[in-house]
Amino acid sequence: MLADILITILLIASTFYMTIVLLRFLLQLARADFYNPISQFVVKATNPPLRPLRRFIPGWGGVDGASLVLAVIIQGITFFLILVALNGGIPAVNPITLLVWAVLNVLDLIVKIYFWSVIAVVVVSWIAPGSGHPAIQLVAQITEPVMRPVRNIMPSMGGLDLSPIIVFLILNVISVVIEHMKMAAGLGSIGLGM
């Protein structure tokens, strides 16, 4: 029972921080407004571990590789600690397997962030169109690189934007592929429904 409680706390804490780290990656990828108060929080929360990593992993072409590497490291450590808690000691697991599990889980989390961000943009467009709230602006900026290519392909439907439906379809297909890759990599065998 104690191991289950510790695993739950570890999963919640690590997923929360990984989400913040990946938000930093996505904000830089989308070239979002870094003067936004939420962006400032994300930068301040992620700077301490990212500064040393940036010495070894520089950014290239607007892509912050250090943030992705940090997320994979956090996820890898989380999986290792979960395996220690489940096995009652240091597990006999291949580090490459841990790396593959971590990469797949980070990719899955990125897809989930986009999925929920698109839902937020759609709901806000109905409830408070043109809102100037910093969170709404940031979510719209994050989703724009995903939505724009679909909007460019789809014709205008008399003011009705159907691009979120196509984006949901694409994100769900990607999510199914990642889930199958996770099962193929043995991630389901440790008993975590992630």
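An unreviewed UniProt entry lists the protein chain under the name YggT family protein, with Marinobacter salsuginis given as the organism. The UniProt entry for the protein chain carries the following text under Sequence similarities (unreviewed entry): "Belongs to the YggT family."

Student: Help me understand the UniProt feature "transmembrane region" (unreviewed entry) in the protein chain, please; the structure alone is not making it clear to me.
Tutor: Per the UniProt record, "transmembrane region" (unreviewed entry) is annotated on residues 7-27, 65-86, 98-128 and 157-178. In the segment residues 7-27, helix accounts for 100% and strand for 0%; the C-alpha atoms at its two ends are 29 Å apart. Annotated as 73% helix and 0% strand, the span residues 157-178 places its first and last C-alpha atoms 32 Å apart.

Student: I keep staring at the side chain of Thr 78 and nothing clicks. Help me out?
Tutor: On the secondary structure map, Thr 78 appears in helix H3 (residues 65-87). Excluding anything up to four places from it in sequence, Thr 78 contacts Leu 10, Leu 11 and Ser 14.

Student: How should the pattern of salt bridges be read in this particular structure?
Tutor: Side chains that carry opposite charge are capable of pairing whenever their charged atoms lie near each other. For the structure shown, the criterion picks out 6 salt bridges. With a closest N to O distance of 2.6 Å, Arg 54 and Asp 64 form a salt bridge. Residue Arg 54 is found in helix H2 (residues 37-56), and its partner Asp 64 is found in the loop between H2 and H3; the two are separated by 10 residues along the sequence. Look at Asp 64 and you get buried, because its relative accessible area is 3%. Linked by salt bridges that have partners in common, Asp 108, Lys 112, Glu 179 and Lys 182 make up one network.

Student: Please clarify how a nonpolar patch on the surface should be interpreted in this entry.
Tutor: Where nonpolar side chains cluster on the molecular surface, the patch consists of Met 1, Leu 2, Ile 5, Leu 6 and Ile 9 and spans about 580 Å² of accessible area. The topology assignment puts Leu 6 in helix H1 (residues 2-29).

Student: Help me out: how do you make sense of unusual backbone geometry in this one?
Tutor: The phi torsion of most residues other than glycine is negative, and most of the peptide bonds are trans. A positive phi angle, close to 55 degrees, is found at Arg 31, a residue other than glycine. Inspection of the secondary structure assignment puts Arg 31 in the loop between H1 and H2. Overall, the relative accessible area of 64% leaves Arg 31 in the exposed class.

Student: Would you mind going over the layout of surface pockets with me for this structure?
Tutor: Where empty space is left can be seen by rolling a probe of water-molecule size over the atoms. The space that makes up the largest pocket amounts to roughly 260 Å³. Taken together, 13 residues line the largest pocket, and the ones lying closest to its centre are Val 122, Ser 125, Trp 126, Asp 161 and Pro 164. Residue assignment for the lining of the largest pocket shows that the elements contributing at least two residues are helix H4 (95-127), helix H5 (134-153) and helix H6 (163-184). Among the elements that make up the lining of the largest pocket, the one with the highest residue count is H4 (4 residues). Its residues placed into classes, the lining of the largest pocket shows 9 nonpolar, 2 polar and 2 charged.

Student: Would you mind going over the packing of aromatic side chains with me for this structure?
Tutor: Under the counting rule described, the total for this entry stands at 3 aromatic pairs. Through a chain of ring-to-ring contacts, three or more aromatic side chains come together here, namely Phe 115, Trp 116 and Phe 168.

Cut-off values and rules
Residues numbered from 1 in each chain as written. Predicted model: local features only at pLDDT ≥ 70, side-chain atom pairs only at ≥ 80, totals over all residues. Heavy atoms only, no water. UniProt positions renumbered as here; feature names shortened; annotations may be inferred. Helix = DSSP H or I, 4+ residues; strand = E, 2+ residues; numbered from the N terminus. Contact = heavy atoms within 4.5 Å. Salt bridge = Lys/Arg side-chain N within 4 Å of Asp/Glu carboxyl O. Buried < 20%, exposed > 50% of the residue type's maximum accessible area, 1.4 Å probe, protein only. Patch = residues over 30% accessible without salt bridge, like charges linked within 9 Å, V, L, I, M, F, W, Y side chains within 5 Å. Areas by Shrake-Rupley, 256 points an atom, 1.4 Å probe, with all protein chains shown as cover. 1 Å grid on protein atoms, 1.4 Å probe; cavity = no way out; pocket = protein on both sides within 12 Å on 5 of 7 lines; lining within 4 Å. Points joined across faces, edges and corners; volume = space filled by probe spheres on them. Nonpolar A, V, L, I, M, F, W, Y, C, P; charged D, E, K, R; others polar. Phe/Tyr/Trp six-rings, centres within 6.5 Å; stacked < 30°, edge-to-face > 60°.

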